[in-house]
Amino acid sequence: QKEVEQDPGPLSVPEGAIVSLNCTYSNSAFQYFMWYRQYSRKGPELLMYTYSSGNKEDGRFTAQVDKSSKYISLFIRDSQPSDSATYLCAMCSNSGYALNFGKGTSLLVTP
Amino acid sequence: DVKVTQSSRYLVKRTGEKVFLECVQDMDHENMFWYRQDPGLGLRLIYFSYDVKMKEKGDIPEGYSVSREKKERFSLILESASTNQTSMYLCASSFAGEETQYFGPGTRLLVL
C-alpha cells in the first residue's frame, strides 16, 4: 500500500462551489502536512501547511488534519476558475526530511 | 520571496547523451532536492542533499547522479540518457529543520 493515497480526479465544479480535496495515509508517524497547487506546466507552489491535527484557514482555503483517521482535507470556498490546477498533498514525519507526496487531484472550475 | 531557478524549461536530447540539469536557489537553503514527475506516478524523489558535497539517494536514483559543489547550486546528471528518462524534472529547496519545500518551474526533458 502506498503511504499517501489521493484520488486523481479530474474533479469538475461550477464557479462558486465549495471544493473538498482529500488524502489518506498509512504512516502514523507523519505529523507535518502540506498542500501544494500546481498549474499546468509549472512547478508546485506551497498553499497550506499544518502541523499535527486541527484546522488552519487562509482566506478561501481551509486545511484540516484528522490524525486519528489518517485523513487530511483541503476545502476551497467560493471556487474561482483561477483555482483550476492540480492539488498535491504532502507529508513527512521529521523536520527537513524528504516529503511523501500524493499523486495529485486535478481540479477544473468552470465559469 | 524564495526563488528557485532551473537552467532550462524544455530540453530535447538523444539517447546516450550526457545531460546536465542545473538548479539554483537564492535563499541560502541547506537542503536541495531533485524529483521527477510523471502522469499517474506523481512526484518521485531522485536525490537530495543536506549540505555542500553531501548527497543521499531517494526512491529512484538509478541512472542519475548529482553534484553539489556550492550551497546554492544542485545539479542532476543523466550519465547516458534513455527514453524512459523523458519526464518533468523538478528541483526544490528548504531550510534545515523545516518541512516546507520550494519548487522551481521544472524542466521538461524529452529523450529521443
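This structure is a prediction, so every number in the text was calculated from the model and none was measured.

Caption draft 1: Highlighting the overall build of chain B. For chain B, the helix and strand inventory stands at 0 helices and 11 strands. Beginning at the N terminus, the succession of helices and strands in chain B can be written as β-β-β-β-β-β-β-β-β-β-β. Against the globule reference of 13 Å for 112 residues, chain B gives a C-alpha radius of gyration of 13 Å, in line with a compact fold. For chain B, the spread of C-alpha atoms along the three principal axes comes to 40 × 25 × 25 Å. For chain B, with 112 residues in total, the buried portion stands at 48%. By sequence separation, contacts in chain B at least 24 residues apart represent 56% of the contacts at least 6 residues apart. Surface accessibility of chain B: about 5400 Å² in total, with carbon and sulfur atoms responsible for 51%. One finds the centroid of the 15 positive side-chain charges in chain B at a distance of 8 Å from the centroid of its 16 negative side-chain charges.

Caption draft 2: Summary view of the side chain of A:Ser73. Residues and elements named next belong to chain A. Looking at the secondary structure, you find serine 73 in strand β8 (residues 71–76). Look at serine 73 and you get buried, because its relative accessible area is 4%. In this structure, serine 73 is in contact with Leu21, Asn22, Trp35, Thr62, Ala63 and Gln64, ignoring residues within four places of it in sequence.

Caption draft 3: Seen up close, the nonpolar core. Residues A:Trp35, A:Ile72, A:Leu74, A:Tyr87 and A:Met91 are the most contacted members of the largest nonpolar core, which totals 24 residues. Of all hydrophobic cores here, the second largest spans 20 residues; its members include B:Leu21, B:Cys23, B:Met32 and B:Trp34.

Reading the values: rules and limits
- Residues numbered from 1 in each chain as written.
- Chains lettered and ligands numbered in written order.
- Predicted model: local features only at pLDDT ≥ 70, side-chain atom pairs only at ≥ 80, totals over all residues.
- Heavy atoms only, no water.
- Helix = DSSP H or I, 4+ residues; strand = E, 2+ residues; numbered from the N terminus.
- Rg over C-alpha atoms; globule rule 2.2 N^0.38 Å.
- Buried < 20%, exposed > 50% of the residue type's maximum accessible area, 1.4 Å probe, protein only.
- Contact = heavy atoms within 4.5 Å.
- Areas by Shrake-Rupley, 256 points an atom, 1.4 Å probe, with all protein chains shown as cover.
- Lys, Arg positive; Asp, Glu negative; His and termini not counted.
- Charge placed at Lys NZ, Arg CZ, Asp CG, Glu CD.
- Core = buried A, V, L, I, M, F, W, Y, C linked by side-chain atoms within 4.5 Å.

Taken by themselves, the reported measurements are silent on function.
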